[in-house]
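Notes for the structure review
Next come the chains, spelled out residue by residue.
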Amino acid sequence: MDRDRPIGIFDSGVGGLSILRALRAELPAEDFVYFSDAGHAPYGEREESFVSDRSLAIAVDLLEQHRIKSLVIACNTATAAAVHLVRARHIHLPVIGVEPALKPAAALTKTGHVAVLATRGTLASAKFKALQDALRGQAEFVLVPCDGLAAAIENDDQPQVRTLCARYTKEVCCFGSGPGEIDTLVMGCTHYPFAADVFRELLGPEVQLVETGVPVARQARRLLEAQGLLNPAGSGQVRWQTTGDEQALRAAAARWLGL
Ligand code: DGL
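Residues numbered from 1 in each chain as written. Predicted model: local features only at pLDDT ≥ 70, side-chain atom pairs only at ≥ 80, totals over all residues. Heavy atoms only, no water.

Here we take up the overall build of the protein. Looking only at helices and strands, the protein has 11 helices and 9 strands in total. Against the 2.2 N^0.38 benchmark of 18 Å for 259 residues, the protein shows a C-alpha radius of gyration of 18 Å, consistent with a compact globule. With the C-alpha coordinates of the protein rotated into their principal frame, the extents come out at 55 × 35 × 35 Å. Here the protein holds 259 residues, and 53% of them are scored as buried. (Helix = DSSP H or I, 4+ residues; strand = E, 2+ residues; numbered from the N terminus. Rg over C-alpha atoms; globule rule 2.2 N^0.38 Å. Buried < 20%, exposed > 50% of the residue type's maximum accessible area, 1.4 Å probe, protein only.)

As structure tokens, this is what we get:
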């Protein structure tokens, strides 16, 4: 049966685990295949054509090797570069992308000022520009490209994660809950939720941190349900595939998901 097949999910590395965590909570009986493209990371500082070529190749790989029933692009940079291309190439495959959580942030902010931390590629994309334009007048967004931060998280280089989080949040003036201050931070790259503790420590409890895992998981449920593809009786298994270091991926899965 089609619905017994696994859901494919990919990212440039371990960032997509923040989305997989939410997917497993929402859909505990589904089986997943997680593809980490760490051998070609980071995506965020590469040409858009490189990221779209990788995304198209990974979609084919997951379809051919694992017969996936749907695909979650658990990477903001790859979604911006390629979600439309993957959908056009595989018209029968339900494809779910992610985007920086500007809409939830606009609804949450009390001061009307929001900081968006994401990769250079995401912030430079036409898709991100359209998202920001659609929210014009609802909030002021300060955009911060965070070169190196996804790589530091990927390599579990904690001193570098701390240095970069401090540098990039310092670039934004000013966090706080007073008039004109920024009270909401969008973690617009799927790696960044793994630095949430560092952001929280740097910014204090007044600043709300927003990520996309939960809304993406709900969207995946809706899409699978609508297509009769929900699997209520799977084993909740995750299989792993990577172009990088398999041990590092397994260590990250154990650390962040207890798998
Ligand atoms: N995790 C990815 C994202 O959400 C990209 C990180 C990278 O490879 O630069 O944008």
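For the rest of this paragraph, the subject is the sheet that holds strand β2 (residues 32-36). Spatially, 5 strands are ordered β4-β3-β1-β2-β9 in an open sheet, and the strand pairing comes out parallel. For this open sheet the edge positions go to β4 (95-96) and β9 (238-242), each flanked by a neighbour on one side alone. In this fold helix α1 (residues 17-26) packs onto β1 (7-11), β2, β3 (70-73) and β9, with an angle of close to 170° to the strand it touches most, β2. (Pairing = 2+ DSSP bridges. Contact = heavy atoms within 4.5 Å. Axes fitted to C-alpha atoms, helices over the stretch in contact; angles between N-to-C directions.)

The next thing to look at is the state of the cysteines. When the sulfur atoms of two cysteines share a covalent bond, that bond is a disulfide. Per the stated rule, a full pass over the model turns up 1 disulfide. In this model C165 remains outside any disulfide bridge; the closest cysteine sulfur is found in C146, 7.8 Å from its own. C189 takes part in no disulfide bond, and the closest cysteine sulfur to it belongs to C75, at a distance of 6.7 Å. (Disulfide = S-S within 2.5 Å.)

It is worth spelling out the sheet that holds strand β7 (residues 184-187) at this point. Taken together, the 4 strands give an open sheet; going across it, the order is β6-β5-β7-β8, and neighbouring strands pair in parallel fashion. The sheet is open, and its two edges are formed by β6 (140-145) and β8 (208-210), each paired on a single side. Sheet twist, expressed as the average angle between the axes of neighbouring strands with direction ignored, equals 25°. Pairing of strand β5 (residues 113-118) with β6, which is carried by 6 bridges, proceeds in the parallel orientation. Within the sheet, the bridge partner assigned to V116 lies in β6 and is L143. Sheet strands in contact with helix α9 (residues 196-203) are β5, β7 and β8, and its direction is about 155° off that of β8.

Moving on: the packing of helix α8 (residues 158-170) against α9. Interaxial distance between α8 and α9 falls to 10 Å at its minimum, and their mutual angle equals 50°. Taken as axis vectors, α8 and α9 run oblique relative to one another. Along this stretch, α8 crosses α9, giving a crossing that reads as right-handed. Contact with α8, carried on its side by V161, R162, C165, A166 and T169, involves V198, F199, E201, L202 and L203 of α9 and no other residues of that element. (Parallel < 35°, antiparallel > 145°, perpendicular 65-115°, else oblique. Left-handed = near helix turned anticlockwise from the far one by under 90°.)

By volume, the largest pocket amounts to about 350 Å³. Looking at the largest pocket, it is lined by 20 residues, and the ones nearest its centre are G97, V98, E99, V216 and Q219. When contributions to the lining of the largest pocket are tallied by element, the ones reaching two or more residues are α3 (76-89), β4, α4 (102-108), α6 (126-134) and α10 (213-226). Per-element tally for the lining of the largest pocket: the top contributor is α10, with 4 residues. (1 Å grid on protein atoms, 1.4 Å probe; cavity = no way out; pocket = protein on both sides within 12 Å on 5 of 7 lines; lining within 4 Å. Points joined across faces, edges and corners; volume = space filled by probe spheres on them.)

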